[in-house]
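Spelled out, the chains give:
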Amino acid sequence: ESWRAVMFRQQPELAQGAPVGEQFPDALRRQLEQRGRAVGAGRPQVAQPGQYQQGFPPPSTGSSASGKRPGSQVPQNGDASAAPLLPVTRRSCSTDASVQGRTRAQQLGDCDRAKSLGSPANDKGHRQMFDKNTLRRVHRDLFRACIKRYHQQAGFQSPAEGTVGPDLAVCTIRPTEDDVQVYVRKRPLFEHEESERGEFDVISVVPGQPLPKQLVLHNCLFQADLKTPFLNHLHFDFDHVFGEQVQDHKVYRVAASELVRNAIEGGASTMFMFGQTGSGKTHTMTAIEGLAARDLFQGAECGAGPCLAVQFVELCGNRCFDLLIAGAKERHKDRQPPRPELRLREHINGCYAAEGAVDLQPKSAEELVSIMQAAHARRATSATDANSVSSRSHAICSLRLLHSRGRLLLADCAGTERRKDSMYHSKERQQEGAEINASLHALKECVRLASGGQGVPPHAFRASALTKLLSGAFCHGQRTLLAAICTVSPCAQDTEHTLATLRTGLALAGRGAEHEEKETLQLPQEPRDPHPKQWNPDQVSAWLAQAGGGRFGDARSALPSNFTGQMLVRLPESRCVQLCGGNDRRGRQLFELLHQEIRRAEQSRRPPSMCP
């Protein structure tokens, strides 16, 4: 007799359709719960593929997982033993928002914990996928050896053996007569990047006379199978290339001294910095500003009155602010209103100017440098994944010579960022990065049109506020000079950034494309012992002689002379006992030692873990 029949006989009101959970006596409920637990303990219900989790109804069509016909009723009110099971699904970690929102440092910490705990992240047989930077960091010794070999074959000299910078005797000569001069400066590789992050140098400056003009970017990549590494040696040609050993004053003499002289003589000169955030743009521009201030006061005819006027503004997106007045935080301390926004007005000659910007007239080079330093301190900065104090605005310093009517524009552009760098930023930071990249693209188009020998149309200036303020640099006159310095990082993880910056520099100079050399590498193969199933009879006999400290040497006499490893790996435990003279304990030990050797050989053939 079933438990339902017993229940209905003892409680007739249950057969009338009353809720079961509400009419159960306490004693009967406890009895049924105990019986359910006993049945569950004896036959655990495991959710197999196609079954359903408890608490959810089965699909309306088709047979249920428990074998009931379609349309059968589902027990209600907590009858867990008969409740259906939902399909068990596995959530991918790549779609988890909590995983996507973690920073790179947190991911590295998780990987370190996985190593210590022996989780699948460190399992040699676990299938793993890695990005370019992780593969570069893991195989950095292989790539560094290849780059060093390339230097030896090409005849490159190390900085200690060759010249560390351009000769100052030729630095005052303008190298070419092109409309736009494009220079590249490589920053040094910092010690903490090499020791903590495993970085290595992927940029080589090609020696040249009198000054180097070429560099090679070693792009370290893997084929789609993640097993075949190769290098793309990309050759770029510019007006001048500054290595990491070149000092600031030499960069100024080569790239900016001619611009300052042209401004003193009454011409219009413009220089701007372009490159990835954290590649040294602000450092280079600050040094150029200080050296230019000294030369301006030495070469200009000041007389009794002021000789120059300075304006310093910043562009946050398409909004313009004055850096020569106190910022919002500084003015808040003094109970003053926040810094006002400036409007860009178009003059009759087609150029733009910031209406209401403050003009200061310093009386010495030291005073001008102090003004510039104060303006840089008020500039908008923010911590990013690539740089802790990344400049998030364009800073434009305008110097007007009052006597010669010359003009010098120094633009320190905000650092470019790729989508990967801003994936952990807030919505405001992502929009800010998009505006920076859009303005830099508009500037690149204006410079490209100017270098092509044709006039820059007015609609190109109106594409962004940055090009509006720099519109005076694109007027084709006999006394207009334009120069750009592209700053690059030598780190391997910044290869894509560096490649984009160098290609932009080529587009600005109108020099075409880079030259590519591809070199395929081979991963070093570690020596591996043969698998036991590949052993010949002599290797089988040698293993039995040394297995377990030589305790199973007598088993060799029980085997035929042509007994190979293929036969050995198929031995069951009972056959091992027979080989050991019927001793069960020794037979099990031999069987276990054999399978330990098989597992060791199989694990040695699996790809090693490449956890960063």
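Reading the values: rules and limits
- Residues numbered from 1 in each chain as written.
- Predicted model: local features only at pLDDT ≥ 70, side-chain atom pairs only at ≥ 80, totals over all residues.
- Heavy atoms only, no water.
- Helix = DSSP H or I, 4+ residues; strand = E, 2+ residues; numbered from the N terminus.
- Buried < 20%, exposed > 50% of the residue type's maximum accessible area, 1.4 Å probe, protein only.
- Contact = heavy atoms within 4.5 Å.
- pLDDT = per-residue confidence, 0-100.
- Pairing = 2+ DSSP bridges.
- Salt bridge = Lys/Arg side-chain N within 4 Å of Asp/Glu carboxyl O.
- Phe/Tyr/Trp six-rings, centres within 6.5 Å; stacked < 30°, edge-to-face > 60°.
- Lys NZ or Arg CZ within 6 Å of the ring centre and 35° of its normal.
- Axes fitted to C-alpha atoms, helices over the stretch in contact; angles between N-to-C directions.

Time to look at unusual backbone geometry. Of the consecutive residues Q209 and P210, the connecting peptide bond is found in the cis state with omega at 0 degrees. Considering the arrangement of structural elements, one finds P210 in the loop between β2 (203–206) and β3 (214–222). Located in the positive-phi region is L226, a residue other than glycine, with phi close to 60 degrees. The phi dihedral of R405 is positive, around 60 degrees, even though this residue is not glycine. Here R405 lies in the loop between β13 (394–401) and β14 (407–412).

By secondary structure assignment, the location of L571 is in the loop between α19 (565–568) and α20 (573–579). A relative accessible area of 10% means that L571 is categorised as buried. Filtering out sequence-adjacent residues up to four positions away, L571 remains in contact with F563, C576, L579 and F591.

Mean pLDDT over the protein: 75, with 67% of residues reaching 70 or higher. Here residues 44–127 scores under 50 on pLDDT; set against residues more than four positions off or in separate chains, the count is 77 contacts. Across residues 159–164 the pLDDT falls below 50, and counting only partners more than four positions away or on other chains, this stretch makes six contacts in the model.

Of all the nine residues making up strand β15 (residues 480–488), eight are buried; the element is thus mostly covered by neighbouring parts of the structure. One ladder, built from seven bridges, connects strand β1 (residues 180–186) with β15; its direction is parallel. Residue V182 lies in a different strand from β15, and its bridge partner there is A484. Relative to β15, strand β6 (residues 268–275) runs parallel, the two being bridged by eight bridges. The partner of G275 across the bridge, within β15, is T487.

Here we take up the pattern of salt bridges. All chains considered together, the criterion is met by 21 salt bridges. The partner of R261 in a salt bridge is E258, and the shortest N-O contact between them spans 2.8 Å. You can see R261 and its partner E258 sitting in helix α10 (residues 257–264), three residues apart, about one turn around the helix. The class of E258 is partly exposed, set by a relative accessible area of 23%. Here the salt bridges share partners, and the residues they tie into one network are R187, E193, R197 and E199.

All right, on to the pairing of strand β4 (residues 229–237) then. Summarising burial for β4: eight of the nine residues are buried, a large majority. As paired strands, β3 and β4 are joined by nine bridges and run antiparallel to one another. If you follow N219 over to β4, its bridge partner there is N232. Here β3 folds back onto β4, and the loop between the two strands holds six residues, one of which, L226, carries a positive phi near 60 degrees.

Scanning the model with the defined rule gives five aromatic pairs in all. Between F236 and F238 the ring centres are 6.4 Å apart and the planes differ by 15 degrees, which places this aromatic pair in the stacked class. Just as F236 is buried, F238 falls in that class too. Taken together, the ring pairs in this structure connect F143, F200 and F222 into an aromatic cluster. A cation sits over an aromatic face here: K518 above F230, 4.5 Å from the ring centre.

In space, the four strands of this open sheet follow the order β2-β3-β4-β16, with antiparallel pairing throughout. At either end of the open sheet lies a strand with only one pairing partner, and these are β2 and β16 (515–520). On average, each strand axis in the sheet is tilted by 20 degrees relative to the strand beside it, whichever way the strands run. Where β4 and β16 come together, six bridges link them in antiparallel fashion. When the sheet's bridge partners are listed, L234 is paired in β16 with E516. Where helix α7 (residues 140–154) meets the sheet, its contacts fall on β2, β3, β4 and β16, and the angle it forms with β4 comes to roughly 45 degrees. On the sheet, helix α17 (residues 495–509) packs against β2, β3 and β4 and is oriented at approximately 140 degrees with respect to β3.

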